[in-house]
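Listed below are the residues making up each chain.
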Amino acid sequence: MTDKKTNPDRIRKVTQSVMDLPTLPTVVAKMLQMIDNQRTSADTLARLISTDQALTAKLLKLANSAYYGFSREISTVNMAIVVLGFNTVKNMGLYLSVFDVFKNSSSASGFDAVKFWEHSAACGVAARMLSKSSGSRYSGEAFVAGLLHDMGKMILSQYFENELVEVINTTREGDGDLDKAEMEVLGVSHGRVGAWLAEKWNLPAIISDTVMHHHEPWNAKTDPSFVALITVADILCHLTQIGSSGRNGCPKYDERLWHIFDGASIPLDETDLERLQMEFLAEYGKSEAYTSVVREDDAEWID
Ligand SMILES: [Fe+2]
Ligand SMILES: [Fe+2]
């Protein structure tokens, strides 16, 4: 996206500040390296996770939550991997750790960090639902991509609080176009900022591409149909008003979004949105236990 008002100095300033961002915890960094290695065993993953007590405790809590509804107690990481699967455990680890990195972020006026996490978690749930119903094998990745799609806003709220407040105020007073306000105030989109962090953390290309292009999936480089699913998930979260992304109303999208699904095994278009909202609300209700795990554990940072 280009904008005449883009200020290169501003972009540079943001870029340089992003260089000082928090690093991903070592355990998760190692976990991400293991993703690409086909020979990594469930045992190796279990041993790695077990070195981090806090992560282990949260993971077991999640595995034992009502969302999964297992009749037996899951008491070890190994057992969690057996019943939930390698990818689910890996994605949970990523989810919990990313939340840890950002939990100290302030609630800039007009930006509610708690509601923002609700938006992120809801988008993860919606993305996983859409991915599963499209028959994709990548519903775990879709969950993480949905969860992280707006991570740029987390950075802005932590490092550019004043500018973020200005963006939000400009949006409220103007025509409500957050993306335009970002370009005016920051000279850069939250997608771009989030992608800088995703790249720094060596997140899989499909995740950083989603973070970067979730408001314009037709420009995605790796897999536009994957990114477009996250775009639809984000739209569903806005339409159902679960959580808050800091934006008034639904993000803008146009025909190019639906064209991405032309020829897909289960094509999607605008007329599906009403049905999908109902399905999503049912799915989100079931996953409430899941999304509340981080909220409970980190309740101390919520005022
Ligand atoms: Fe966004
Ligand atoms: Fe969003």
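Computed from a prediction, not measured in an experiment: that's the story for all the values here.

Chemist: What is the right way to look at the packing of helix α7 (residues 113–133) against helix α14 (residues 224–239) in this model?
Modeler: Relative orientation and spacing of two packed helices are given, respectively, by the angle between their axes and the distance between those axes. Between α7 and α14, whose axes approach to 8 Å, the crossing angle comes to 125°. Relative to α14, the element α7 is oriented oblique. Crossing hand, α7 versus α14: right-handed. Note on element contacts: α14 touches α7 through Leu229, Ile230, Val232, Ala233, Asp234, Leu236 and Cys237, opposite His119, Ala122, Cys123, Ala126, Ala127, Leu130 and Ser131. Of the residues in the contact of α7 with α14, the class split is 11 nonpolar, 2 polar and 1 charged.

Chemist: Sorry, what's going on with helix α12 (residues 190–200) here?
Modeler: Owing to its 3.6 residues per turn, the α-helix aligns residues three or four sequence positions apart on the same side. Of all the 11 residues making up α12, 9 are buried; the element is thus mostly covered by neighbouring parts of the structure. Within the sequence span of α12, burial applies to His190, Gly191, Arg192, Val193, Gly194, Ala195, Trp196, Leu197 and Ala198.

Chemist: Is there a simple way to explain unusual backbone geometry in this structure?
Modeler: Even without being glycine, Gln241 reaches a positive phi, approximately 55°. Take Gln241: it is sitting in the loop between α14 and α15 (255–259).

Chemist: Help me understand the nonpolar core, please; the structure alone is not making it clear to me.
Modeler: The nonpolar side chains of a soluble globular protein tend to be buried, and buried together. One finds Leu59, Ala126, Ala127, Leu229 and Ala233 to be the most contacted residues of the largest nonpolar core, which totals 81 residues. Here the element with the most residues in this core is α7; it accounts for 11 residues. Those residues in contact with Ala127, other than ones at most four positions away along the chain, are Ala142, Phe143, Ala145, Gly146, Leu229, Ile230 and Ala233.

What counts as what
- Residues numbered from 1 in each chain as written.
- Chains lettered and ligands numbered in written order.
- Predicted model: local features only at pLDDT ≥ 70, side-chain atom pairs only at ≥ 80, totals over all residues.
- Axes fitted to C-alpha atoms, helices over the stretch in contact; angles between N-to-C directions.
- Helix = DSSP H or I, 4+ residues; strand = E, 2+ residues; numbered from the N terminus.
- Parallel < 35°, antiparallel > 145°, perpendicular 65-115°, else oblique.
- Left-handed = near helix turned anticlockwise from the far one by under 90°.
- Contact = placed C-beta atoms within 7 Å.
- Nonpolar A, V, L, I, M, F, W, Y, C, P; charged D, E, K, R; others polar.
- Buried ≥ 20, exposed ≤ 12 C-beta atoms within 10 Å, placed from the backbone.
- Core = buried A, V, L, I, M, F, W, Y, C linked by C-beta atoms within 7 Å.

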